[in-house]
Amino acid sequence: MVITKSKLVLSATLVTLSTIAATGLGIHSIGKASFEDSHKDLIDEVWQVIYYRYVDGTFNQVDWQAVRKEYLNKSYTDDKAAYKSVREMLKKLEDPYTRFMDPEEFKNMQVDTSGELTGIGITISQDEKTKQLVVIAPIEDTPAFKAGILAKDIILEIDGKSTKGMDTNDAVSLIRGESGTKVKLTILRNDQKKQFNIQRERIEIHPVRFSEKKTPSGNIGYIRLNQFSANASKEMKNAIKNLESKQVSGYILDLRGNPGGLLYASIEIAQMWMNKGTIVFTINRQGTQDKQVANDSALTDKPLIILVDKGSASASEILSGALQDNKRATLVGNQTFGKGLVQSVQPLKSGSGLAVTIAKYHTPSGKDINKHGIDPDVKVELTDAQRQELWLGGRDKLATPEDPQFAKAVELLGKQSAENTNTIKKNN
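Residues numbered from 1 in each chain as written. Predicted model: local features only at pLDDT ≥ 70, side-chain atom pairs only at ≥ 80, totals over all residues. Heavy atoms only, no water.

Looking at an unreviewed UniProt entry, the protein chain carries the name S41 family peptidase, with the source organism given as Aphanizomenon flos-aquae FACHB-1249.

Novice: Tell me about the sheet that holds strand S22 (residues 378-379), and name the residues and values.
Specialist: Read across the open sheet, the six strands follow the order S12-S13-S14-S18-S19-S22; overall the sheet is mixed. For this open sheet the edge positions go to strand S12 (208-215) and S22, each flanked by a neighbour on one side alone. Pairing geometry for S12 and strand S13 (residues 218-225), over eight bridges, is antiparallel. Its bridge partner lying in S13, Glu212 is registered against Gly221. Along the sheet face, helix H7 (residues 232-245) touches S12, S13 and strand S14 (251-254) and points at about 20° away from the line of S12. Against the sheet, helix H9 (residues 315-325) makes contact with S13, S14, strand S18 (304-308) and strand S19 (330-333), and its axis sits at roughly 140° relative to S18, the strand it touches most. (Pairing = 2+ DSSP bridges. Helix = DSSP H or I, 4+ residues; strand = E, 2+ residues; numbered from the N terminus. Contact = heavy atoms within 4.5 Å. Axes fitted to C-alpha atoms, helices over the stretch in contact; angles between N-to-C directions.)

Novice: Account for the nonpolar core, with residues named and values stated.
Specialist: Residues Ile223, Leu225, Met236, Leu253 and Trp273 are the most contacted members of the largest nonpolar core, which totals 66 residues. Take this core: its biggest share by element is eight residues, from helix H8 (residues 263-273). Every residue in contact with Met236, bar those within four places of it in the chain, is listed here: Val208, Ile223, Leu225, Leu253, Ile269, Met272 and Trp273. Counting residues in hydrophobic clusters, the runner-up holds 17 residues, among them Ala144, Ile155, Met166 and Ile187. (Core = buried A, V, L, I, M, F, W, Y, C linked by side-chain atoms within 4.5 Å. Buried < 20%, exposed > 50% of the residue type's maximum accessible area, 1.4 Å probe, protein only.)

Novice: Mind laying out the pattern of salt bridges, listing which residues take part and the relevant values?
Specialist: Tallied over the entire structure, the rule returns 17 salt bridges. For Glu244, the salt bridge identified is with Lys302, shortest N-O distance 3.5 Å. One end of the pair, Glu244, is in helix H7; the other, Lys302, is in the loop between strand S17 (289-293) and S18, with 58 residues separating them in the sequence. Given the relative accessible area of 22%, Glu244 is considered partly exposed. (Salt bridge = Lys/Arg side-chain N within 4 Å of Asp/Glu carboxyl O.)

Novice: I'd like a description of the environment of Tyr97, backed by residues and values.
Specialist: Within the secondary structure, Tyr97 sits in the loop between helix H3 (79-91) and strand S3 (99-101). On the accessibility criterion, Tyr97 (8% relative accessible area) is buried. As for Tyr97 and Val342, which are separated by 245 residues in sequence, their C-alpha atoms are 8.8 Å apart. At 3.4 Å, the side chain of Tyr97 and the side chain of Ser125 are in polar contact. (Polar contact = N/O pair within 3.5 Å; in protein donor to acceptor, adjacent residues only side chain to side chain.)

Novice: Give me the lowdown on the packing of aromatic side chains, citing residues and values where you can.
Specialist: Applying the stated rule across the entire model yields seven aromatic pairs. When the ring of Trp47 is compared with that of Tyr51, the centres are 4.8 Å apart and the planes differ by 10°; the resulting orientation is stacked. Highlighted residues: Trp47 and Tyr51, both in helix H1 (residues 32-53), separated by four residues, approximately one helical turn. The class of Trp47 is buried, set by a relative accessible area of 4%. Residue classification places Tyr51 among the partly exposed residues on the basis of a relative accessible area of 27%. With a centroid separation of 5.0 Å and 85° between ring planes, the pair formed by Tyr51 and Tyr52 is classed as edge-to-face. In this structure an aromatic cluster arises from ring pairing among Trp47, Tyr51, Tyr52, Phe59 and Trp64. The ring of Trp47 carries the charged tip of Arg68 above its face, separated from the ring centre by 5.4 Å. (Phe/Tyr/Trp six-rings, centres within 6.5 Å; stacked < 30°, edge-to-face > 60°. Lys NZ or Arg CZ within 6 Å of the ring centre and 35° of its normal.)

Have a look at this one:
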């Protein structure tokens, strides 16, 4: 499998969509027969993509040929009816990550990965067992983040409408809207219902923030990576180079609450931390493995601790799994989310798009982390109350000694730096 910069995505649905107008399809100028044929062309185009590219060759034990016949035999009077049938067809796969996007949703997905978006700023998915809509993570500094939405929150209602039986596309349509308008979410958290009235905003995301921290373990580099967007690699490179110039003794890379993003970004960032070794295996439905490896381009070899939690998903898990398995980093925090699938984004003739699961991935040691996640080397649990205090209480305690996970990382860095110093002295 060739990994390109534009098509492979490791994230769930970004509910941060703007209201950019969809391009008209000129349907007023064509005859009735061709009007209906255009909708059937869309049905068949989606069917073909799934038939040739979907990761499961059994199509979830569904007779995919019969599905094609069923939906091509229907009549379609408008775009809405055709889109509904496409989504019904895809639902048979029972894969929340394979999803159809109408022209507006598709354009906005492209905006999302570029680092600019409009919405409330949460990443959602559908639980494969319960079918409930669940928050993977709020994006840092967005309206949802500031309102107090947390990873693993279950969305029960959107503006009073029950989400029971609702797929992610329908949820996106209800949650998105113009900047300045509000959406009300009813959330289930620890068996308690909570309501949030959140105002949509225009959001510009800078995926990387960094600073030099003076600690008992010496001066260390702290890097917070929020999302694997198109500019994440460039910003990460700048952060490491800046901190290297200050001669920090080690690094803490904070991936807590990072829901993922572009596959190539996770690979490029892994290459900044390790010179040799496998980064990730991707496996298609034929069982063919593609291996991505380090390329002797690491920017530093200093000790590295990675902070993870249940909101660290997808591309975050590829990066942390690669560095953990290659003994390049120590993971501290909570078990990660558990999304081990790769999607390709396919543009369709109608101006719409299709995200289709084309592969699964394993960490370098061969671990399939889908649904389980990655276990940290050093477990430091935080209660929801602690997480809220850290992330929402002005964040004056985040990445300080009052942040238990950060404090443990600093302690470990001190020990690793001391061990490195002793090793150097012995060698000399």
